[in-house]
Amino acid sequence: PFPLKQGRRRMVPTVAPGQYNFNPDLGGGVTGYTVGPIDVTDLGDLFYIIIHGGACDGGPVDGNDGGSSFDDASADCVEQPTRTSRLNLFTLYPNPFAREINVKYEYDIDTTVKIEIIDIQGRVVKTYENVNYTKDTVENVKFDLSNSLDRLLFVKITSEDGSEVKKIVSTNKK
């Protein structure tokens, strides 16, 4: 079961890694690690395991971190180069909109682009997908939102570089 720590009024469960009796720091770049065997025969019918994973920011990491199970172990965290795209070239107009909204985008890679118009409850109102986007092409997609007036909506655009979300709102009521 989760360890308990003192909350404001009562004991509350926690999954903070410092609360566990076996708390090694494996460092970064670890793609597999085996613990065990662990004898659980005296624990009855239930066995609990909580695994907490984290990421490091580069450089060598001492895998021992004060524990006895990882003597002389280490891992190298290799910082992965990050690619910057032109995801910020995603614009909406007009906003506020009367009946239609234009979504204009441009990327510096060939990618699949998906656009979703989502309401405040998380329902997808409209969707569009371009599976053959060619880099450095300016695309403009027009959405008829006359059935979604008088609402706050979100426009989510997703490519191989990630996602971005912006808010839109209508100027008039149904």
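Residues numbered from 1 in each chain as written. Predicted model: local features only at pLDDT ≥ 70, side-chain atom pairs only at ≥ 80, totals over all residues. Heavy atoms only, no water.

Undergrad: Help me out: how do you make sense of the overall build of the chain in this one?
TA: Across its full length, the chain carries zero helices and 11 strands. Starting at the N terminus, the α and β elements of the chain follow one another as β-β-β-β-β-β-β-β-β-β-β. Expressed as a percentage of its 174 residues, the buried residues of the chain come to 23%. Taking as baseline every contact in the chain between residues at least 6 positions apart, the subset at least 24 positions apart corresponds to 54%. Per element, the accessible surface of the chain, about 12,300 Å² overall, is 49% carbon and sulfur. (Helix = DSSP H or I, 4+ residues; strand = E, 2+ residues; numbered from the N terminus. Buried < 20%, exposed > 50% of the residue type's maximum accessible area, 1.4 Å probe, protein only. Contact = heavy atoms within 4.5 Å. Areas by Shrake-Rupley, 256 points an atom, 1.4 Å probe, with all protein chains shown as cover.)

Undergrad: In this structure, what is going on with the side chain of Glu-116? I would like to understand it.
TA: Tracing the chain through its elements places Glu-116 in strand S7 (residues 111-119). For Glu-116, a relative accessible area of 14% corresponds to the buried category. Once residues within four sequence positions are removed from consideration, Glu-116 is found in contact with Val-124, Lys-126, Thr-127, Phe-154, Val-155 and Lys-156.

Undergrad: Got a minute to help me understand a nonpolar patch on the surface in this structure?
TA: Residues Ile-38, Leu-43, Phe-47 and Ile-49 make up a contiguous nonpolar surface patch of roughly 420 Å² in combined accessible area. Checked against the element boundaries, Leu-43 lands in the loop between strand S2 (11-13) and strand S3 (59-62). (Patch = residues over 30% accessible without salt bridge, like charges linked within 9 Å, V, L, I, M, F, W, Y side chains within 5 Å. Salt bridge = Lys/Arg side-chain N within 4 Å of Asp/Glu carboxyl O.)

Undergrad: For this particular structure, what's the right way to read the sheet that holds strand S5 (residues 90-93)?
TA: Whether parallel or antiparallel, the strands of a sheet pair through hydrogen bonds between backbone atoms. Spatially, the three strands line up as an open sheet ordered S5-S6-S9, and their pairing is antiparallel. Both outer strands of the open sheet, S5 and strand S9 (139-144), are each paired with one neighbouring strand and no more. Mean inter-strand twist for the sheet, computed between neighbouring axes without regard to direction, equals 20°. Bridging between strand S6 (residues 100-105) and S9 involves six bridges; their strand directions are antiparallel. The residue bridging Ile-101 from the neighbouring strand is Phe-143, located in S9. (Pairing = 2+ DSSP bridges. Axes fitted to C-alpha atoms, helices over the stretch in contact; angles between N-to-C directions.)

Undergrad: Help me understand the pattern of salt bridges in this model?
TA: When their charged atoms lie close together, side chains carrying opposite charge are able to pair. Inspection of the entire model under this criterion finds four salt bridges. We note a salt bridge from Asp-119 to Arg-123, for which the minimum N-O separation is 2.9 Å. For Asp-119, the salt bridge is made with Arg-151, and the minimal N-O distance between the two is 3.6 Å. Taken together, the residues span a long stretch of sequence, with Asp-119 in strand S7 and Arg-151 in the loop between S9 and strand S10 (152-159) at a distance of 32 residues. By relative accessible area, Asp-119 is classed as buried at 3%. The partly exposed category is assigned to Arg-151, whose relative accessible area is 26%.

Undergrad: Help me understand the sheet that holds S10 in this model?
TA: Taken in spatial order, the four strands of this open sheet run S8-S7-S10-S11, and their pairing is antiparallel. Of all the strands in the sheet, just strand S8 (124-133) and strand S11 (162-169) have a single pairing partner and so form its edges. The sheet shows a mean angle of 15° between the axes of neighbouring strands, taken without regard to direction. Pairing of S7 with S10 involves six bridges; the strand directions are antiparallel. Residue pairing across strands places Lys-114 opposite Thr-158, the latter belonging to S10.

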